Amino acid sequence: MLLELFPYLSALLIEEVERRPGRVVLRTRVRAMTGACRCGQSSARVHGRYVRRLRDVAVGGVGVVVELCVRRFRCENPACTAVTFAEQITGLTTPHSRYTPLLRGLLTQIGLALAGRAGARLAAAAGVTAGKDTLLRLVRGLPEPEIGEVEVLGVDDFAFRRGRHYGTVLIDMATHRPLHLYDGREGEDLAAWLSVHPEVKVICRDRSSGYGEGARVGAPQAEQVADRYHLWANLGQAVEKTVNAHRSRLPEPPRGPAASPGLLKEEPETVQPPKELKIVTRLREQHALAHELWEQGMSKAAIGRELGLHQATVRKLVGARSADDVVAKSLQRAHVVDPYIGYLHRRWNEGVRNAAQLYREIQELGYRGGELAVQRHLRRYRTGRGHAPVAGPKPPSVREVTSWIMTHPEHLKDENASRLHRLRERDPELDRLTLHVRKFAAMMTGRHGDRLEDWITDAEQDTLAPLASFARNLRRDFDAVCNGLSLPYSSGAVEGNINRLKMLKRQMFGRAGLDLLRKRVLLTR
């Protein structure tokens, strides 16, 4: 059994086994008396001996060190440039190495999987001590795999530092294996790589103009395929912009006999008064007690001691003619919004519920207070203590409506489908937008690229500006988009490798160089 696990033991004679703290030391020597030089000449002339210490894989969680008595032979070939040579044992020694091939392979795989610090911790738990730099050096020393012939190529970018520094990864779409990874995302670099791989027939990419130009220059014989995921994502952005422009129409009109078309215009300019706050009740009680004790002839210091209040608070209570004066001064910050309550009311009823946005809008109208006061005022509406007068359910957000439009009708919940149906009945433009999206979805899922020209024409002639802009951009990359809607190729494997690359990059805390990241991406499966 041991010979199967450690085949080199058959060539060694174990003279002594010593147990030390955390390791086992095997003192050995080679059984045979001859060695072979690198020139192929064997020799039996021993020039000298020395002890070589090799670390092997752990056994039972205990590290193993092989102390091998190595003989150095004198080469008997006069034409050989090597005067002497040391004997090597297959499976145990390699020139200038302190690890056995088995341990070296184990540490290399740990370095590939976990990189430096995490790999060093795992190796220590397994009974092997190795530093993070050693693991990274082993990974960097690995040869990169051969690329071979590639017929379908996937290309996409990834961020070293989002918004500043990017790289590019190339994927073999047949095997889903990364082929190459380089710094930058310029078309010239892609064209240079493609020029030495003329066998590429199909290139799957996003809608980047740089990659498109690089593919055209480097591989004019290849068909370019725009990724359907990016097409759908770009369409979703256009839909969201359109819905955002119609957000004032998202609230449903109130139902019931009291509802009327002019209700929004006839709403009162002030909200119903909220329930009195606890601080207001307390101030009224303190004002009444302070004045009662003052009329009895007590001093302000005595009133403070009696009521447990600071002298400044007592002076404020005694000096106020009425409790309303005290309350007004204490809640002065909340009243700076009063001149703009009507505007806030109207925007709230239109479906705008974002306090920061409403704060910016009333700033343009002359508001000089802070955003916190606006948030406090809107909190009354959210909690129902001073809700806007228009009754009815909370209007859907822009993202909710966008999601309804972009979802297959069969996958929508009944409630959401009903709300979308009523919204389309109220707004003809959103109804046309939904029809355009569903036609594009049918064209994309059914691989009907021949319908693309008609769809673009219809979208350009419509009055929906964001959708028309999306359609015009499709014309700039028409052939690749048409191929993406017609051919079975997809960049799904590319996106999966990008996610794995991000995991590897973050696992190294962003401190490793491109060479190490390339090795881990290309060699990790």
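Residues numbered from 1 in each chain as written. Predicted model: local features only at pLDDT ≥ 70, side-chain atom pairs only at ≥ 80, totals over all residues. Heavy atoms only, no water.

## Describing the overall build of the protein chain
Regarding its fold elements, the protein chain presents 22 helices and 12 strands. Taken across its 525 residues, the protein chain has 42% of its residues classed as buried. Put simply, of all contacts in the protein chain between residues at least 6 apart along the chain, 60% involve residues at least 24 apart. A total of about 29500 Å² of accessible surface is found on the protein chain, and carbon and sulfur atoms cover 51% of it. (Helix = DSSP H or I, 4+ residues; strand = E, 2+ residues; numbered from the N terminus. Buried < 20%, exposed > 50% of the residue type's maximum accessible area, 1.4 Å probe, protein only. Contact = heavy atoms within 4.5 Å. Areas by Shrake-Rupley, 256 points an atom, 1.4 Å probe, with all protein chains shown as cover.)

## Here we look at the pairing of strand β2 (residues 23–30)
Pairing of strand β1 (residues 12–20) with β2 involves eight bridges; the strand directions are antiparallel. Within β2, the residue paired with L12 across the bridge is V30. With antiparallel pairing between neighbouring strands as the criterion, β1 and β2 make up a hairpin whose turn holds two residues, including G22 at a positive phi of roughly 80 degrees. (Pairing = 2+ DSSP bridges.)

## As for a negative patch on the surface
A surface patch of like charges, here negative, comprises D183, E186, E188 and D189. Here D183 shows up in strand β10 (residues 177–183). (Patch = residues over 30% accessible without salt bridge, like charges linked within 9 Å, V, L, I, M, F, W, Y side chains within 5 Å. Salt bridge = Lys/Arg side-chain N within 4 Å of Asp/Glu carboxyl O. Lys, Arg positive; Asp, Glu negative; His and termini not counted. Charge placed at Lys NZ, Arg CZ, Asp CG, Glu CD.)

## Quick word on the side chain of T108
The residue T108 is located in helix α2 (residues 101–114) in this model. Residue classification places T108 among the buried residues on the basis of a relative accessible area of 7%.

## A closer look at unusual backbone geometry
Even without being glycine, A115 reaches a positive phi, approximately 65 degrees. Checked against the element boundaries, A115 lands in the loop between α2 and α3 (117–125). The buried category is assigned to A115, whose relative accessible area is 3%. Phi angles above zero are rare outside glycine, and H176 is one such case at about 60 degrees.

## Notes on the pattern of salt bridges
Two side chains that carry opposite charge are able to pair once their charged atoms sit near each other. For the structure shown, the criterion picks out 17 salt bridges. We note a salt bridge from R216 to E213, for which the minimum N-O separation is 2.3 Å. Highlighted residues: R216 and E213, both in helix α6 (residues 209–218), separated by three residues, approximately one helical turn. Look at E213 and you get partly exposed, because its relative accessible area is 39%. One salt bridge connects R347 with E361, and the closest N-O pair in it is separated by 2.9 Å. Highlighted residues: R347 in helix α12 (residues 341–349) and E361 in helix α13 (residues 355–364), separated in sequence by 14 residues. Grouping residues by exposure puts R347 and E361 together as buried. The network of salt bridges with common partners includes E16, E18, R20, R27, R53 and E67.

## Looking at the nonpolar core
Counting 33 residues, the largest nonpolar core has L235, V243, L433, F440, W455 and L474 as the members making the most contacts within it. For this core, the element with the most residues is helix α17 (residues 428–445), which contributes six residues. Those residues in contact with L235, other than ones at most four positions away along the chain, are M406, V437, F440, W455, L467 and F470. Counting residues in hydrophobic clusters, the runner-up holds 22 residues, among them L112, M173, V202 and I498. (Core = buried A, V, L, I, M, F, W, Y, C linked by side-chain atoms within 4.5 Å.)

## A closer look at the sheet that holds β10
Spatial strand order, β10-β9-β8-β11-β12: five strands in an open sheet with mixed pairing. Whereas interior strands pair on both sides, the edge strands pair on one side only; in this sheet they are β10 and β12 (223–226). When strand polarity is set aside, the average angle formed by the axes of neighbouring strands in this sheet is 25 degrees. Two strands pair when backbone bridges link them, and strand β9 (residues 165–172) and β10 are joined in this way by six bridges, in the antiparallel orientation. What sits directly across from D172, in β10, is R177. (Axes fitted to C-alpha atoms, helices over the stretch in contact; angles between N-to-C directions.)

## Considering helix α8 (residues 278–295)
With 18 residues, α8 should reach 26 Å at 1.5 Å per residue; the first-to-last C-alpha distance of 26 Å fits that figure. All of the buried residues along α8 are V280, L283, Q286, H287, A290, H291 and L293. Projection of α8 onto a plane perpendicular to its axis shows the buried side chains occupying an angular sector of 160 degrees, all on one side. Of the exposed residues in α8, those oriented more than 90 degrees away from the buried face are K278 and E295. (Expected span 1.5 Å × (residues − 1). Arc of directions from axis to C-beta.)

## Describing the packing of aromatic side chains
On inspection of all chains with the given rule, the structure shows seven aromatic pairs. Aromatic side chains Y340 and Y367 sit 5.6 Å apart centroid to centroid with 85 degrees between the ring planes, which places their arrangement in the edge-to-face category. With Y340 in the loop between α11 (323–330) and α12 and Y367 in the loop between α13 and α14 (371–383), this pair connects stretches of sequence that are 27 residues apart. For the pair formed by Y340 and Y367, the shared burial category is buried. (Phe/Tyr/Trp six-rings, centres within 6.5 Å; stacked < 30°, edge-to-face > 60°.)

## A few points about the confidence of the model for the protein chain
In this model, the protein chain carries an average pLDDT of 83, and 89% of its residues clear a pLDDT of 70 or more. When pLDDT is averaged over each element of the protein chain, α17 comes out on top at 93 and helix α1 (residues 2–5) at the bottom at 58. The model gives residues 257–273 a pLDDT under 50, and that stretch makes 25 contacts with residues more than four places away or in other chains. (pLDDT = per-residue confidence, 0-100.)

## A few points about the environment of E295
Following the sequence through the fold, E295 ends up in helix α8. When the C-alpha atoms of E295 and V318 are compared, they prove to be 10.0 Å apart, with 23 residues separating the residues in sequence.

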